[in-house]
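Architecture and fold: a report
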Amino acid sequence: MPLNNEQISFFRTNGYLLVPGAMDIDLCAKVRDLMWAALPAGSALKREDAASHVGPIPTDETSQDSVFFRDGYRWLNRQLGVDQTVIDLIYSKRICTMAHQLVGGTLRQAVVNGTPMGSRGPVWPGGPTDPAQGTEGARGVYYTLPYGDKEREPDACHTDGHPFQLGVVGLIEDCPVDGGAFKVWPRSHERLYPTYKLRYDQPRIPYYDHLPTYKGIVHTEEYSAEVGSLNEDTKAVECYGNAGDVVFWHHRTAHMAGHNYSPQIRQAVLADFWTDDLDVFRTQDAGGDMWRDWSPELQNTADRAYSEEFAKVQRLSV
Ligand SMILES: [Fe+2]
């Protein structure tokens, strides 16, 4: 089922779109199996023992390997991003059709058994600025363990450094409110876009062993100020829901991985979409119409052409 005008308008206006039931739940279950199967034998995390799922990861089981990362409350498997099942799940015909309706152009195709995110690049080892080089599949399967008695923390948004055009986060298991679901800051895309120098990329300071003080993304002062304002004046939308639900989000939409105050693991698959033209678009000046390279369908859809009822379903509080 393709997106309708109301959905496209909502995405354009707010920088995100929740689409319940967009993924095959049998494939979600298969991916959950793959995640557990990839844990080292004898791990203290036991699938059938919920008490063992509470973070942090035991110190003798942490892994700083960027492809199989486990530390603190994060358990990330980027190798699964190039697994056939994961690619079938998150780059399904249905999801690609919706993504294409938004970004237009020719979608880049994921490569089964290709190079996973985090395999190489100037930021590895030692991250965490930009684990994107060589990414041929999805980002991977990202779990957030329950925080247990960890103290509550405020929300803080960011944007991602690596170039793409459209992000998607899909729940592969049910996730309750306050259960670590992805959070998005509505309308942040329109506020942040003009604070960048480049449309889909950003300048970086490289890392040198003998000059170790700084590496990573160079943000404009306007960007940092706007992110501060968003944290103050905008209520994040929490993308909780059921296995199979997805959220699409614009590259410049401010977001965060939610804190998990529930007793269960937050289980999600993350992926990016971009078109064959991204390599040209990414270095262009961020001035002008931010939608000029998106689909004609999106460009011809009016802002705010959605009902109050629809906004409520999208959890937008205005
Ligand atoms: Fe992010």
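Here the structure is shown first, and the text comes after it.
Conventions used here
Residues numbered from 1 in each chain as written. Predicted model: local features only at pLDDT ≥ 70, side-chain atom pairs only at ≥ 80, totals over all residues. Helix = DSSP H or I, 4+ residues; strand = E, 2+ residues; numbered from the N terminus. Rg over C-alpha atoms; globule rule 2.2 N^0.38 Å. Buried ≥ 20, exposed ≤ 12 C-beta atoms within 10 Å, placed from the backbone. Contact = placed C-beta atoms within 7 Å. Pairing = 2+ DSSP bridges. Axes fitted to C-alpha atoms, helices over the stretch in contact; angles between N-to-C directions.

Quick word on the overall build of the protein chain
When you go through the protein chain residue by residue, the secondary structure sums to 9 helices and 12 strands. Against the compact-globule benchmark of 20 Å for 318 residues, the protein chain has a radius of gyration of 19 Å, which places it among compact chains. Viewed in the frame of its principal axes, the protein chain has a C-alpha envelope of about 55 × 50 × 40 Å. For the protein chain, the residues scored as buried account for 42% of the 318 residues in total. Intrachain contacts of the protein chain at a sequence separation of at least 6 include 82% that bridge at least 24 residues.

Here we look at helix H1 (residues 5–14)
For H1, the tally of buried residues reaches 8 of 10 residues, placing the bulk of the element in the interior. Along H1, the residues classified as buried are Gln7, Ile8, Ser9, Phe10, Phe11, Arg12, Thr13 and Asn14. Packed against the buried residues of H1 are strand S1 (16–19), helix H4 (93–103), strand S10 (246–250), helix H8 (296–299) and helix H9 (308–313). Directly beyond the C-terminal end of H1, a positive phi value near 80° is found at Gly15.

Considerations on the pairing of strand S4 (residues 140–144)
Two faces, one strand: in a regular strand the side chains alternate between the faces of the sheet. Of all 5 residues that make up S4, 5 are buried, and the element is covered over most of its length. Bridge count for strand S3 (residues 74–77) against S4 is 4 bridges, and the pairing is antiparallel. If you follow Arg74 over to S4, its bridge partner there is Thr144. Sheet topology note: the S4/strand S12 (residues 266–273) ladder contains 5 bridges and is antiparallel. Bridge pairing in S12 links Tyr143 to Gln267.

Brief notes about the sheet that holds strand S9 (residues 237–238)
The 3 strands lie next to each other as S9-S6-S11, forming an open sheet whose pairing is antiparallel. Unpaired on one side and paired on the other, S9 and strand S11 (255–256) mark the two borders of the sheet. Sheet analysis places strand S6 (residues 183–184) next to S9, joined by 2 bridges and oriented antiparallel. Following the sheet pairing, Lys183 is matched in S9 by Glu238.

Considering the sheet that holds strand S2 (residues 68–71)
Pairing is antiparallel in the open sheet, where 7 strands are placed in the order S1-S10-S5-S12-S4-S3-S2. In the strand order of this sheet, the two ends are held by S1 and S2, each with one partner. Strand-to-strand twist across the sheet, computed as the mean angle between neighbouring axes with direction ignored, equals 15°. With respect to the sheet, helix H2 (residues 25–37) is in contact with S3, S4 and S12, its orientation differing from that of S4 by roughly 75°. H4 rests against S1, strand S5 (166–171), S10 and S12 of the sheet, and its axis sits at about 150° to S5.

Overview of the environment of Val269
The topology assignment puts Val269 in strand S12. Take Val269: there are 27 C-beta atoms within 10 Å of it, and that puts it in the buried class. For Val269 and Ile217, which are 52 residues apart along the polypeptide, the C-alpha to C-alpha distance reads 25 Å. Not counting residues within four places of it along the chain, the set of residues in contact with Val269 comprises Val31, Val86, Leu89, Ile90, Ala138, Val141, Gly170 and Ile172.

A short note on the environment of Asp155
Position of Asp155 among the secondary structure elements: in the loop between S4 and S5. As a C-alpha pair, Asp155 and Ala257 span 102 residues in sequence and 9.2 Å in three-dimensional space. Setting aside residues up to four positions removed in sequence, Asp155 forms contacts with Lys183, Ala236 and Met256.

With respect to the environment of Pro116
Within the fold, Pro116 resides in the loop between H4 and S4. Taking the C-beta count within 10 Å as the criterion, Pro116 has 24 such neighbours and is therefore assigned buried. A C-alpha to C-alpha distance of 9.5 Å links Pro116 and Asn77, two positions 39 residues apart in sequence.

Considerations on unusual backbone geometry
Put simply, Gly55 and Pro56 share a cis peptide bond, and its omega is 0°. Counting through the fold element by element, Pro56 comes out in the loop between H2 and S2. At Asn113, a residue that is not glycine, the phi angle is positive and equals roughly 60°. Relative to the elements of secondary structure, Asn113 occurs in the loop between H4 and S4. Assessed through the 12 C-beta atoms surrounding it within 10 Å, Asn113 is described here as exposed. One non-glycine residue, Arg315, adopts positive backbone phi at about 65°. Classification of Arg315 by C-beta neighbours within 10 Å gives partly exposed; the count is 17.

Such coordinate-based values are descriptive only and should not be taken to indicate function.
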